[in-house]
Amino acid sequence: MKLLIWGDELGNRAGTLNYNFRLKHETQDKKYGYFMYGLEFEQALLDDIYTRFGAFGGFSFMEVLDDYNFHVTPSIGAGIINRTGKNLFSLSAGLQFEYFLGDRFRLSVLNQITQRTDLEYLYDDLKYRYSFFIGFEYTLFEVKRKRRP
């Protein structure tokens, strides 16, 4: 969202597209929430395209602010950044806010800090960059455990 609206100090103009796709699995609900884990793909359409493949995991807290539809999920992740043909290991941490708009559809806001090892490689300056993504999630299918008689 930052690149899209403001650009950055490295010469990337406002209007630069940066998107994130996630595929995740959520475990069964417990008293306070549930564990979740998954894979993600992020790409920023810079002059030399930034691509990140990663895995993440966290715990979703339910009934935040006494509203069952509002969930908050802190998470951590690891991945590989590919930029200028070089693959570099990277860590990330996130805080996601979700609001269920229906049984299968929810509004999602992801705040993420990523270790940008590509900037260290390119500019000899390791940075931790903040990213803000807003979007929707759709539940493709649910895996239900069978109850034993």
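Placed above this text is the structure.
Residues numbered from 1 in each chain as written. Predicted model: local features only at pLDDT ≥ 70, side-chain atom pairs only at ≥ 80, totals over all residues. Heavy atoms only, no water.

### Considering the overall build of the protein
Here comes step 1: Each helix and strand counted, the protein has 2 helices and 7 strands in total.
Here comes step 2: Here the protein holds 149 residues, and 39% of them are scored as buried.
Here comes step 3: Of the contacts made within the protein by residues no fewer than 6 positions apart, 47% connect residues no fewer than 24 positions apart.
Here comes step 4: Taken as a whole, the protein presents about 9800 Å² of accessible surface, with 60% of it coming from carbon and sulfur. (Helix = DSSP H or I, 4+ residues; strand = E, 2+ residues; numbered from the N terminus. Buried < 20%, exposed > 50% of the residue type's maximum accessible area, 1.4 Å probe, protein only. Contact = heavy atoms within 4.5 Å. Areas by Shrake-Rupley, 256 points an atom, 1.4 Å probe, with all protein chains shown as cover.)

### Some thoughts on the packing of aromatic side chains
Describing an aromatic ring pair means giving the distance of the ring centres and the angle of the ring planes.
Here comes step 1: Evaluated as defined, the whole model comprises 7 aromatic pairs.
Here comes step 2: Ring centres of Phe 70 and Phe 97 lie 6.3 Å apart, and the angle between their planes is 10°; on these two criteria the pair is classed as stacked. Placement of Phe 70 in strand β4 (residues 70-83) and of Phe 97 in strand β5 (residues 86-100) is noted, with a sequence separation of 27 residues between them.
Here comes step 3: Look at Phe 97 and you get partly exposed, because its relative accessible area is 29%.
Here comes step 4: Linked through ring pairs, Tyr 19, Phe 21, Phe 41 and Phe 53 together constitute an aromatic cluster. (Phe/Tyr/Trp six-rings, centres within 6.5 Å; stacked < 30°, edge-to-face > 60°.)

### Brief notes about the pairing of strand β2 (residues 33-44)
Here comes step 1: Two elements, strand β1 (residues 18-26) and β2, share 9 bridges in a ladder whose sense is antiparallel. Bridge pairing in β2 places Asn 20 opposite Glu 42.
Here comes step 2: In this structure, the hairpin formed by β1 and β2 is closed by a connection of 6 residues.
Here comes step 3: Pairing analysis gives 12 bridges linking β2 to strand β3 (residues 50-61), with the strands arranged antiparallel. The residue bridging Glu 42 from the neighbouring strand is Arg 52, located in β3.
Here comes step 4: Linkage of β2 to β3, two consecutive antiparallel strands, is achieved through a turn of 5 residues. (Pairing = 2+ DSSP bridges.)

### Side note on the pairing of strand β6 (residues 105-116)
Here comes step 1: β6 sits mainly inside the fold: 9 of its 12 residues count as buried.
Here comes step 2: Summarising the sheet, β5 and β6 pair through 9 bridges and their orientation is antiparallel. When the sheet's bridge partners are listed, Gly 94 is paired in β6 with Gln 112.
Here comes step 3: Linkage of β5 to β6, two consecutive antiparallel strands, is achieved through a turn of 4 residues.
Here comes step 4: As defined by bridge partners, β6 adjoins strand β7 (residues 127-138) across 12 bridges and the pair is classed as antiparallel. Bridge pairing links Arg 116 to Lys 127 in β7.

### What to know about a nonpolar patch on the surface
Here comes step 1: A cluster of nonpolar side chains, Leu 23, Tyr 99, Leu 101, Phe 105, Leu 107, Ile 134, Phe 136, Tyr 138, Leu 140 and Phe 141, forms an exposed patch at the surface whose accessible area comes to about 1100 Å².
Here comes step 2: Here Leu 23 is to be found in strand β1.
Here comes step 3: The exposed category is assigned to Leu 23, whose relative accessible area is 57%. (Patch = residues over 30% accessible without salt bridge, like charges linked within 9 Å, V, L, I, M, F, W, Y side chains within 5 Å. Salt bridge = Lys/Arg side-chain N within 4 Å of Asp/Glu carboxyl O.)

### Concerning the sheet that holds β4
Here comes step 1: Strand order in the open sheet formed by 7 strands is β1-β2-β3-β4-β5-β6-β7, with antiparallel pairing between adjacent strands. The sheet terminates laterally at β1 and β7, the two strands that pair on one side only. Ignoring which end each strand starts from, the neighbouring axes of this sheet average 20° apart.
Here comes step 2: One ladder, built from 14 bridges, connects β4 with β5; its direction is antiparallel. By the bridge assignment, Arg 83 is partnered in β5 with Lys 86. (Axes fitted to C-alpha atoms, helices over the stretch in contact; angles between N-to-C directions.)

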